[in-house]
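Next come the chains, spelled out residue by residue.
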Amino acid sequence: VKALDHGFSTIWISNHGGRQLETAPPPISVLQEIRDAVGDDVEVIMDGGVMRGTDIAKALALGANSVGIGKAYLYGLAAGGSRGVRRAVDMLDDELRRAMGLLGCRTTKELRE
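Note that the coordinates shown come from a computational prediction; the quantities given were computed from them, not determined experimentally.

Colleague: Which residues make up the confidence of the model for the protein, and what values go with them?
Modeller: Note: predicted coordinates in regions of low pLDDT should not be interpreted at a detailed level. Within the protein, residue pLDDT values average 92, and 96% of them lie at 70 or more. Across the protein, element-level confidence peaks in helix α3 (residues 53–61) with a mean pLDDT of 97 and bottoms out in helix α1 (residues 2–5) with 88.

Colleague: Can you lay out the sheet that holds strand β1 (residues 10–13) for me, pointing to particular residues and giving the numbers?
Modeller: The strand order across the open sheet built from three strands is β1-β2-β3, with neighbouring strands paired in parallel fashion. The open sheet terminates on both sides in strands that have one partner only, identified here as β1 and β3 (66–67). The pairing of strand β2 (residues 43–46) with β3 spans two bridges and is classified as parallel. Across the sheet, residue M46 finds its bridge partner in β3, namely V67. Contacts between helix α2 (residues 27–38) and the sheet are confined to β1 and β2, with β2 contributing the most and set at about 175° to the helix.

Calculation notes
Residues numbered from 1 in each chain as written. Predicted model: local features only at pLDDT ≥ 70, side-chain atom pairs only at ≥ 80, totals over all residues. Heavy atoms only, no water. pLDDT = per-residue confidence, 0-100. Helix = DSSP H or I, 4+ residues; strand = E, 2+ residues; numbered from the N terminus. Pairing = 2+ DSSP bridges. Contact = heavy atoms within 4.5 Å. Axes fitted to C-alpha atoms, helices over the stretch in contact; angles between N-to-C directions.

Have a look at this one:
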């Protein structure tokens, strides 16, 4: 919460360095606690281990406003250049929409409620 004391309006939760700090909790496991601590007026972005649309759905449901997809993006880039990136993003979108449908959510706002 110190970031808010210094005027920040967004918090990015990540486990970069997670290999070196092997006992650090994954971001998804502390996301709801962080959301509860900072309140609803702070934008929370989460990354770390996001590889499927269901990972995005979980993060949004636990309080993230948005989700970083660096690993999926880079795998797509390595496999097929810009077309691979587009394909990776399309796959995440399809999986997220499917998960939301199974949960009965039409919008990401509903997912966050």
